[in-house]
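So the chains spell out like this:
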Amino acid sequence: MVTVRYFAAARAAAGLPSERVDIGDDATVADALDAIAARHGVELHKVLGACSFLVDSVAVRDRAMPLRPGAELDVLPPFAGG
Amino acid sequence: MSLPPLVEPAAELTKEEVVRYSRHLIIPEVGMVGQKRLKNAKVLVIGAGGLGSPALLYLAAAGVGTLGIVEFDEVDESNLQRQVIHGQSDIGRPKGESARDSIREINPLVEVKLYQLRLDSSNALDIFRDYDLILDGTDNFATRYLVNDAAVLLGKPYVWGSIFRFEGQASVFWADAPGGQGLQYRDLYPEPPPPGMVPSCAEGGVLGVLCASIGSIMVTEAIKLITGIGEPLLGRLVVYDALEMSYRTIKIRRDPTGDPITELIDYAEFCGAVSDDAATAAADSTITARELKEMIDSGKDFALIDVREPNEYEIVRIPGSILIPKDRILSGEALSELPQDKPLVLHCKSGQRSAEALAALHKAGFRDAVHVGGGVLAWAKQVDPSLPVY
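Residues numbered from 1 in each chain as written. Chains lettered and ligands numbered in written order. Predicted model: local features only at pLDDT ≥ 70, side-chain atom pairs only at ≥ 80, totals over all residues. Heavy atoms only, no water.

Novice: With reference to specific residues and values, describe the sheet that holds strand 10 (residues 303-306) of chain B.
Specialist: Residues and elements named next belong to chain B. Strand order in the open sheet formed by five strands is 9-13-12-10-11, and the pairing between neighbours is parallel. Strands at the two margins of the open sheet, each flanked by one partner only, are strand 9 (286-287) and strand 11 (322-323). Where strand 10 meets strand 12 (residues 344-347), four bridges bridge the pair, whose relative direction is parallel. The partner of Leu 304 across the bridge, within strand 12, is Val 345. (Pairing = 2+ DSSP bridges. Helix = DSSP H or I, 4+ residues; strand = E, 2+ residues; numbered from the N terminus.)

Structure follows, in structure tokens:
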């Protein structure tokens, strides 16, 4: 079980600010992303393509990284407007 | 965790300065010494646009002694909905000069230095070197990574803010921060998003007042860093949502696996103006707005497809165009709606989105499809200047 928090366009696409996602104990970041994309459909899937992901506050560079049970995964779409 | 003050105090405040800054001076946390630090501070603001406008006004009013402004652009009427440092009579003037004049009116004690150029890898380090603190209010990913990397190389702190529609983000980055708290933009966004996936404010719009919401957070952080008060946003990202009226805070930690930054690179290439596929597709399949006009005038049979969003189509359109938003083409959903028996001409606002859609159409077998370089903006400029642009 991990907690996923959605921000900005990801929050809009998921329709909620955060949720608990039940994935296996040896699941990776990629597994978690597959799970939330399957749950929320094409809109979120599109947004995920541009997002940065933080696991327990550290940016993810390798999506094969395993997630500890209870980990917090932040889904953060970038924007560069100024 | 707090940080020590970034700037040493100036020797004194004049009688005039004591009067001007009295509301600061009577706050114990700021006081005479804090105001003297502001007087001695040199702050560089990148961009005198949406975020730079409120940031510069408040930094000037607060008594920051030296303000540098990096800005190459000119004031356009479409800026005035949010770029409050510029006014009606400034349209067509260089933004840097317009900003400097406004600052002089707000606070003549501030020294303003203008850099009327595009920040790039050849000039960033030289410009940054003279400043205590940098504010990043630019409008594209390439410049954002450039600002970060230059700040990292020089060990400078900077305040970062960005905006889109109703949402904003702000943080403080300082790779060399004391006490092992160091953190940079790449710890939050290790890599730029794929080109074309994140719309700019010019493409997606921005609520004007959002600039003030995020710009004021940026100035607040700047004042805290200069004077050494409070808890800086270093290691935290503020995410603001104007519709929900909520601020959420995300903790960020240094990524121990991040590659060290050793030099400035080619940031346009790093961020990719358009994807390789789009660049390839557009290479020999781009027509000009004038060529499109000739095709229409000669009675040629073809379909003109506008790949922008419905609200943009409402603002301005090329006569005879059919609206099919880019995403519906990229997903394949709209392919069956396209005429098979005549040539296709795509266009968008400026040519980036239509290049992405063009690549998808070439792959789907529409080999003869072309797009209009410069999009509807080029059409309005070259063919029909009576049309509004946005």
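Okay, back to it.
Novice: Would you mind going over unusual backbone geometry in detail, with residue names and values included?
Specialist: Residue and element names in this part refer to chain A. Of note in the backbone geometry, Ala 8 takes a positive phi value of approximately 50° without being a glycine. Relative to the helices and strands, Ala 8 resides in helix 1 (residues 8-14). Phi is positive for Asp 56, which is not a glycine, with a value near 50°. Along the chain, Asp 56 turns up in the loop between strand 3 (52-55) and strand 4 (58-59).

Novice: Quick one: what's the story with empty space enclosed by the protein, residue by residue and with numbers?
Specialist: Across all of its chains, the model carries two cavities of 30 Å³ or more by this definition. Approximately 50 Å³ is the volume attributed to the largest cavity. Looking at the largest cavity, the residues that line it are Phe7(A), Ala8(A), Arg11(A), Glu167(B), Val239(B), Asp241(B), Glu244(B), Ser246(B) and Arg248(B). Those elements that provide at least two residues to the lining of the largest cavity are helix 1 of chain A together with strand 7 (236-241) and strand 8 (246-251) of chain B. When grouped by side-chain class, the residues that make up the lining of the largest cavity number three nonpolar, one polar and five charged. Counted as a void, the second largest cavity has a volume near 30 Å³. Together, Met1(A), Val2(A), Ile23(A), Gly24(A), Asp25(A), Ala27(A), Leu67(A), Arg68(A) and Pro69(A) line the second largest cavity. Across the lining of the second largest cavity, the residue classes break down as six nonpolar, one polar and two charged. (1 Å grid on protein atoms, 1.4 Å probe; cavity = no way out; pocket = protein on both sides within 12 Å on 5 of 7 lines; lining within 4 Å. Points joined across faces, edges and corners; volume = space filled by probe spheres on them. Nonpolar A, V, L, I, M, F, W, Y, C, P; charged D, E, K, R; others polar.)

Novice: Could you give an account of the side chain of Arg5(A), naming the residues involved and the relevant values?
Specialist: The topology assignment puts Arg5(A) in strand 1 (residues 2-6). A polar contact is formed between the side chain of Arg5(A) and the side chain of Asp74(A), at a distance of 2.7 Å. Other than its neighbours up to four places away in sequence, Arg5(A) contacts Pro17(A), Ser18(A), Glu72(A), Leu73(A), Asp74(A), Val75(A), Arg248(B), Thr249(B) and Ile250(B). (Polar contact = N/O pair within 3.5 Å; in protein donor to acceptor, adjacent residues only side chain to side chain. Contact = heavy atoms within 4.5 Å.)

Novice: Can you break down the interface of chain B and chain A residue by residue, with the values?
Specialist: Contacts between chain B and chain A engage 42 residues on the former and 26 residues on the latter. Interface of chain B and chain A: buried area, both sides summed, is about 2,600 Å²; carbon and sulfur atoms make up 58% of it. Considering only the surface of chain B that becomes buried against chain A, Arg248(B), Ile250(B) and Arg253(B) emerge as the three largest contributors, covering 22% of it. Inspection of the region where chain B meets chain A yields three salt bridges. Between Arg61(A) and Asp255(B) there is a salt bridge; the shortest N-O distance is 2.3 Å. Mapped onto the side of chain B that touches chain A, the elements with two or more residues apiece are helix 7 (141-154), strand 5 (158-164), strand 6 (167-173), strand 7 and strand 8 of chain B. Examining the composition of the side of chain B that touches chain A, we find that five residues originate from one element, strand 5 of chain B, more than from any other. (Buried area = accessible area lost by both parts, 1.4 Å probe. Salt bridge = Lys/Arg side-chain N within 4 Å of Asp/Glu carboxyl O.)

Novice: Requested: an account of the sheet that holds strand 4 (residues 133-136) of chain B, with residues and values cited.
Specialist: Residue and element names in this part refer to chain B. Read from one edge of the open sheet, eight strands run 3-2-1-4-5-6-7-8, paired in mixed fashion. Unpaired on one side and paired on the other, strand 3 (111-115) and strand 8 mark the two borders of the sheet. Each strand axis lies, on average, 15° off the axis of its neighbour in the sheet, ignoring direction. Here strand 5 runs beside strand 6; their pairing, made up of seven bridges, is antiparallel. Bridged to Ser 162 within strand 6 is Gln 169. (Axes fitted to C-alpha atoms, helices over the stretch in contact; angles between N-to-C directions.)

Novice: Which residues make up the layout of surface pockets, and what are the values?
Specialist: Each pocket or cavity is described by its volume, and for the second largest pocket that value is around 1,200 Å³. Around the second largest pocket, the lining is made up of 36 residues, and of these Ala9(A), Val47(A), Met197(B), Pro199(B) and Asp327(B) lie nearest the centre. For the lining of the second largest pocket, the secondary-structure elements that each account for two or more residues are helix 1 and helix 3 (42-48) of chain A together with helix 8 (201-204), helix 14 (326-330) and helix 15 (352-363) of chain B. When residues of the lining of the second largest pocket are assigned to their parent elements, the largest contribution, five residues, is made by helix 1 of chain A. Classifying every residue of the lining of the second largest pocket gives 18 nonpolar, four polar and 14 charged.

Bear in mind that shape data such as this cannot, by itself, settle questions of function.
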